[in-house]
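Take a look at the letters that make up each chain.
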Amino acid sequence: MPIVVEKLNHVYMTGSALAFNAVEDVSLTVNEGEFLCVIGHTGSGKSTLVQHFNGLMQPSSGRVVVDGADMCDKKMRRLGRQLVGMVFQYPEYQLFEETVFKDIAFGPKNMGLSADEISLRVADAMRFVGLDFDKFAEKSPFDLSGGEKRRAALAGIIAMHPKYLVLDEPMAGLDPSGRRSVLDMLVRLQKENGTGIVMVSHSMDDIARVADRVAVMNKGRLVMCDTPENIFNHSDELVKMGLDVPQAVKLADALLKRGVDLGGGLCTEDELFTRIMEITRHV
């Protein structure tokens, strides 16, 4: 079953002169196994929105239902949290245990799993994120490189086998190689495990590459939700909201102004290159 957001509102500092509605009347469905990206200018409400998905925040009104579990219900919230893993910016700062093994095992242990099942999940998660078990399991997480810490933190969430994984700017601070590595890992998690991914990101090129759908937040409201192709066809509107667009869209728009129409639906540089090659074959 999906994550269903119904008429969600979240007001900060309720009852004070500084009260403001960070999320206003948002309704949204996150389908099983899909890769949904959430974009918006700073302060648009996107981070506040996704923190409701596993009950970290409670709505002022409206509700979030995860796989049938109402996250406003304390008894059902525990079940919902097991289904939705949450990864914040710089997840390596969440590491705290003595060894990498213990850190990754923390979540599965709290789920009440057996020692054998925990060991199996830790080994599988480490393999999935590219950390050699024999080399890293007994290492202190604080002795790892920045990229290795990021992988260990993600492994700790993956080991809990969440049905959905919610990530708030998971590539923050990484170099291009590290960004590609994390993004490829998320795509594999979606394709191989059927995990639904919700990712907040400012990188439009990353979003164009991986998203099945894109949700656009503006001033606390959900103003668009569609395929990347349809969303980025509204480049002028996105720019007015303070958002960027993928490089491929910028290049296609620039070529159109010079009389070269590549057609709509372009999001990635690979698609742009393919379209240009198709045109030049007929010239």
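Scope of this entry: the structure provided in the associated data block. (Residues numbered from 1 in each chain as written. Predicted model: local features only at pLDDT ≥ 70, side-chain atom pairs only at ≥ 80, totals over all residues. Heavy atoms only, no water.)

Moving on: the state of the cysteines. For the structure shown, the criterion picks out 0 disulfides. Of all cysteine sulfurs, the one in Cys-225 lies closest to Cys-37, which takes part in no disulfide; the gap is 11 Å. Judged by relative accessible area, which is 29%, Cys-225 ranks as partly exposed. (Disulfide = S-S within 2.5 Å. Buried < 20%, exposed > 50% of the residue type's maximum accessible area, 1.4 Å probe, protein only.)

What follows concerns the packing of aromatic side chains. Summed over the entire model, instances satisfying the criterion amount to 3 aromatic pairs. On the numbers, 5.4 Å between centres and 35° between planes, the contact of Tyr-12 with Phe-20 is tilted. Taking the relative accessible area as the measure of exposure, Tyr-12 reaches 26% and is therefore partly exposed. A ring pair is formed by Phe-96 and Phe-106, whose centres lie 5.0 Å apart and whose planes are at 85°; its orientation type is edge-to-face. Here Phe-96 is found in the loop between β6 (84-87) and α3 (100-110), whereas its partner Phe-106 is found in helix α3, with 10 residues between them in sequence. In this structure Phe-96 comes out as partly exposed when scored by relative accessible area, which is 44%. The ring of Phe-128 has Arg-188 sitting right over it, with the charged end atom 4.2 Å from the ring centre. (Phe/Tyr/Trp six-rings, centres within 6.5 Å; stacked < 30°, edge-to-face > 60°. Helix = DSSP H or I, 4+ residues; strand = E, 2+ residues; numbered from the N terminus. Lys NZ or Arg CZ within 6 Å of the ring centre and 35° of its normal.)

Now for the sheet that holds strand β5 (residues 69-70). In spatial order, the strands read β2-β1-β4-β5; together these 4 strands make up an open sheet with antiparallel pairing. Edge positions in the sheet fall to β2 (20-30) and β5, since each of these pairs with one other strand and no more. Bridge count between strand β1 (residues 3-12) and strand β4 (residues 61-66): 5 bridges; the pairing is antiparallel. Note that in β4 the partner of Glu-6 across the bridge is Arg-63. (Pairing = 2+ DSSP bridges.)

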